[in-house]
Amino acid sequence: MAIQTIATQPIAGQKPGTSGLRKKTAVFSQPHYLENFVQSVFDVVGNEGDPTAQTLVLGGDGRYHNRAAIQTILKMAAAHGYASVLVGRGGILSTPAASCVIRKRGAAGGLILSASHNPGGADGDFGIKYNIAAGGPAPESVTDAVYHRTESITQYRISDAPDIDVDTIGVTQIEGMRVEVIDPVADYAELMARLFDFDAIRKLFAGGFTMRFDGMHAVSGPYAHAILEGMLGAPRGTVINGVPLEDFGGGHPDPNPVNAAELIGLMAQPDAPDFGAASDGDGDRNMIVGRKFDVTPSDSLAVLAANATVAPGYRAGLKGIARSMPTSRAADKVAEALGIACHETPTGWKYFGTLLDAGMATLCGEESYGTGSDHVREKDGVWAVLFWLNLLAASGKSVEEIVTAHWVRFGRHYYSRHDYEGIDAAAANLLMDDLRIKLPALPGASLNGHTVEFADDFSYTDPVDGSTAHKQGVRIIMTDGSRIVFRLSGTGTEGATLRVYFELYEPDAAQQRRPVQQALASLIAAADSVASITTQTGRASPSVIT
Ligand code: VG1
Ligand code: CO
């Protein structure tokens, strides 16, 4: 066994997006591609201290290429001089579980292999991201430094040791580095049992309450099996599609009503279970469904915030709430009623880290089926499902009753996101540039019956560390309180994806049960009139509506 120094040269385009570096699997499998990026991460974060005293957490969502990448990274970590690596058995760790392990074991950071909700397989996507010692995604200062490093890299170091067994719990050594294979679920499950009233949830299931959790053949299956069917006594069969597969069974592991159509279909049957939920590729997203009733992620955040004290882990109340800018302002109404702050951040979980660390927010959420809290530094799918179960157990009400009562109390924020996926990147950028040019002239203008009050391209200054982020999405806010937001995705791997977000506030309880697209129709037409979406994208309609 020896450490090799391998000559390499920069590979263009290794710039992390909204959440890590994501590319086609074929791109990631090219010689030196993963190695260049990992060495660049080590070069940047390894300067922060003595690597020989440091622990790295390593795991992924089990998608195609996960196992090969785990071996490469173990051998590179050994060459870099890490003291130890904690790796999930089989190379498996959900994103929130990795965050949990980093924090609990005092690791210096972690590498998570995932392209999250993007499809996997040889023709699908692969990804990697670095999380810092606090457990959350590296801030932009770090990802920018890593990207710059990839532009000048000339060599990387790697052990030529044979492959390491990552399927057996226990400790081995490679080049003097300790490799500990851990149960991917144990630390995480122990944390969940401390946050939620497991006795109450056990009683709920024992009383005949029925649920389906759709693991979408991605990483959350083992967590849901162990916690729901194991610790909480839900009957076997509660978790469906619970075995992680390298290609997610050919599916698109994005828990929304379009991609989780199987679950939505189940929940619409006459004998539907009481509760449905799904999670994504890396286990950090969640979708909550009642009988014939989908909960929007923005509403889910607001409902959990309004009822947080039912859960033992949140009995002391919330310090604050944070939501990404495009997320509906339903949570703001709750924060106002609770007398706490609601922070508005750019899209991407990395922007919540400083607020959580500073004790300025307890709950966070994004409209993209992401909800989480200060228990880890990532959004957390299974956590959100357990929070809902705790709430259902404590209230004795159905999902629909809880949400509709919430609307009556706080008003309803009708909400929808329209995605135009895989459009021409130049056309997408042109659309956004044209919009930006129009912004100063918009206030006072009438857009399909809505008068513009305010329009800008969202900029953010982090209240904790003063860092700034610009061009985070064009928002057009109307005098009637409704809102349209336009932004381009930072997680795609093909062309560009335009996301258009619509929100309309309805305080009148008699008007809160309209079909969502109908309630938003005038705003949807307004968006097309101001941005010429159809003409500029060449698409008559969005590819996904959530
Ligand atoms: C999307 C979502 C964003 C989320 C990000 C990562 O980003 O909109 O809210 O934080 O995915 O989630 P974008 O740039 O494509 O809009 V995950 O579960 O894919 O790590
Ligand atoms: Co995810």
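All values reported here derive from a predicted model rather than from experimental measurement.

A word on the overall build of the protein. On a plain count of helices and strands, the protein comes out with 18 helices and 27 strands. Taken against the 2.2 N^0.38 rule, which gives 24 Å for 546 residues, the C-alpha radius of gyration of the protein at 23 Å falls within 12% of a compact globule. Here the C-alpha coordinates of the protein stretch approximately 70 × 60 × 40 Å along the principal axes. The 546 residues of the protein split such that 54% are buried. Look at the contacts in the protein between residues 6 or more apart in sequence, and 74% of them connect residues 24 or more apart.

Look at helix H10 (residues 297–306) against helix H14 (residues 399–410): their axes get within 10 Å of each other, and the N-to-C directions meet at 80°. In terms of orientation, H10 and H14 fall into the roughly perpendicular class. Residues Asp299, Ala302, Val303 and Ala306 of H10 touch H14, and the partners they reach there are Ile402, Val403, His406 and Phe410. Taken together, the residues of the contact of H10 with H14 break down into six nonpolar, one polar and one charged.

In this section: the site of ligand 1. The local shell around ligand 1 holds 18 residues, among which Thr18, Ser116, Ser489, Gly490 and Thr491 are the closest. Its residues assigned to classes, the shell around ligand 1 shows one nonpolar, 12 polar and five charged.

To continue, consider the domain arrangement of the protein. Taken domain by domain, the protein comprises domain 1 (3–184), domain 2 (188–410) and domain 3 (412–545). A straight line from the C-alpha centre of domain 1 to that of domain 2 covers 28 Å. At the junction of the two partners, domain 1 supplies 29 residues and domain 2 supplies 31 residues. For the side of domain 1 that touches domain 2, the leading source of residues is helix H4 (residues 95–104), giving six residues. Its residues assigned to classes, the side of domain 1 that touches domain 2 shows 11 nonpolar, 15 polar and three charged.

Grouped together as the largest cluster of nonpolar side chains are 126 residues, with contacts concentrated most on Leu58, Val85 and Ala305. Of all the elements, helix H13 (residues 381–395) adds the most residues to this core, at 11 residues. Every residue in contact with Ala305, bar those within four places of it in the chain, is listed here: Leu318, Ile321, Ala331, Val334 and Leu363. Counting residues in each nonpolar core, the second largest holds 32 residues, with Tyr420, Leu447, Ile524 and Val530 among its members.

In space, the five strands of this open sheet follow the order S11-S10-S12-S13-S14, with mixed pairing throughout. A single partner strand is all that each edge strand has here, and the edge strands are strand S11 (239–240) and strand S14 (293–295). Sheet topology places strand S10 (residues 211–214) next to strand S12 (residues 275–279); four bridges connect them, and they run parallel. Along S12, the bridge assignment pairs Phe213 with Ala277.

Taking 1.5 Å of rise per residue, the 12 residues of H14 would be expected to cover 16 Å, and the 17 Å separating its terminal C-alpha atoms lies within 8% of that figure. The positive-phi residue at the C-terminal boundary of H14 is Gly411, with phi of around 90°.

One open sheet holds the seven strands; their spatial order is S2-S6-S5-S3-S4-S9-S8, and the pairing between them is mixed. Among the strands making up the open sheet, the edge pair consists of strand S2 (21–24) and strand S8 (170–174). Adjacent strand axes in the sheet meet at a mean angle of 20° when their direction is disregarded. Two strands pair when backbone bridges link them, and strand S3 (residues 55–60) and strand S4 (residues 84–92) are joined in this way by five bridges, in the parallel orientation. Paired with Leu56 across the two strands is Val85, which belongs to S4. Helix-sheet contacts for helix H3 (residues 66–80) involve S3, S4, strand S5 (109–113), S8 and strand S9 (177–182), and the interaxial angle to S4 is about 170°.

Right, let's get into unusual backbone geometry. Even without being glycine, His32 reaches a positive phi, approximately 70°. Examined against the element boundaries, His32 turns out to sit in the loop between helix H1 (25–28) and helix H2 (33–45). C-beta crowding within 10 Å serves as the criterion here: with 16 such atoms nearby, His32 is assigned to the partly exposed category. With a phi angle near 55°, Phe248 is a residue other than glycine that sits in the positive phi range. For Phe248, the location among the structural elements is in the loop between S11 and helix H9 (261–267).

Our next topic: the UniProt feature "domain: Alpha-D-phosphohexomutase alpha/beta/alpha" (unreviewed entry) in the protein. Within this structure's numbering, the places UniProt gives as "domain: Alpha-D-phosphohexomutase alpha/beta/alpha" (unreviewed entry) are residues 14–156, 187–289 and 298–409. The annotated region residues 187–289 carries 36% helix and 15% strand content, and the separation between its end C-alpha atoms amounts to 27 Å. Counting secondary structure, residues 298–409 comes out at 44% helix and 16% strand; the distance between its end C-alpha atoms is 16 Å.

The buried fraction of strand S1 (residues 3–7) is low, at zero of five residues. Looking at chain direction, S1 and strand S7 (residues 155–159) are connected through five bridges and run antiparallel. Looking at the pairing, Ile6 lines up with Tyr156 of S7.

This next bit is on the pairing of strand S17 (residues 363–366). Along a regular strand, successive side chains alternate from one face of the sheet to the other. Residues of S17 alternate between two faces, with Leu363 and Gly365 on one and Cys364 and Glu366 on the opposite face, all of them buried. Taken together, the three bridges between strand S15 (residues 320–324) and S17 define a ladder with parallel strand orientation. Residue pairing across strands places Ile321 opposite Leu363, the latter belonging to S17. Strand direction decides the pairing type here: S17 and strand S18 (residues 370–373), joined by four bridges, are antiparallel. Across the sheet, the residue bridging to Cys364 is Gly372, located in S18. The turn linking S17 back onto S18 is made up of three residues, and Tyr369 within it adopts a positive phi angle of 65°.

Right, let's get into the confidence of the model for the protein. Taken as a whole, the protein shows an average pLDDT of 96; of its residues, 99% reach a score of 70 or greater. For this predicted complex, the interface score ipTM comes out at 0.98, alongside a pTM of 0.96.

Rules and cut-offs
- Residues numbered from 1 in each chain as written.
- Chains lettered and ligands numbered in written order.
- Predicted model: local features only at pLDDT ≥ 70, side-chain atom pairs only at ≥ 80, totals over all residues.
- Helix = DSSP H or I, 4+ residues; strand = E, 2+ residues; numbered from the N terminus.
- Rg over C-alpha atoms; globule rule 2.2 N^0.38 Å.
- Buried ≥ 20, exposed ≤ 12 C-beta atoms within 10 Å, placed from the backbone.
- Contact = placed C-beta atoms within 7 Å.
- Axes fitted to C-alpha atoms, helices over the stretch in contact; angles between N-to-C directions.
- Parallel < 35°, antiparallel > 145°, perpendicular 65-115°, else oblique.
- Nonpolar A, V, L, I, M, F, W, Y, C, P; charged D, E, K, R; others polar.
- Near = placed C-beta within 6 Å.
- Domains from an automatic or database assignment.
- Core = buried A, V, L, I, M, F, W, Y, C linked by C-beta atoms within 7 Å.
- Pairing = 2+ DSSP bridges.
- Expected span 1.5 Å × (residues − 1).
- UniProt positions renumbered as here; feature names shortened; annotations may be inferred.
- pLDDT = per-residue confidence, 0-100.

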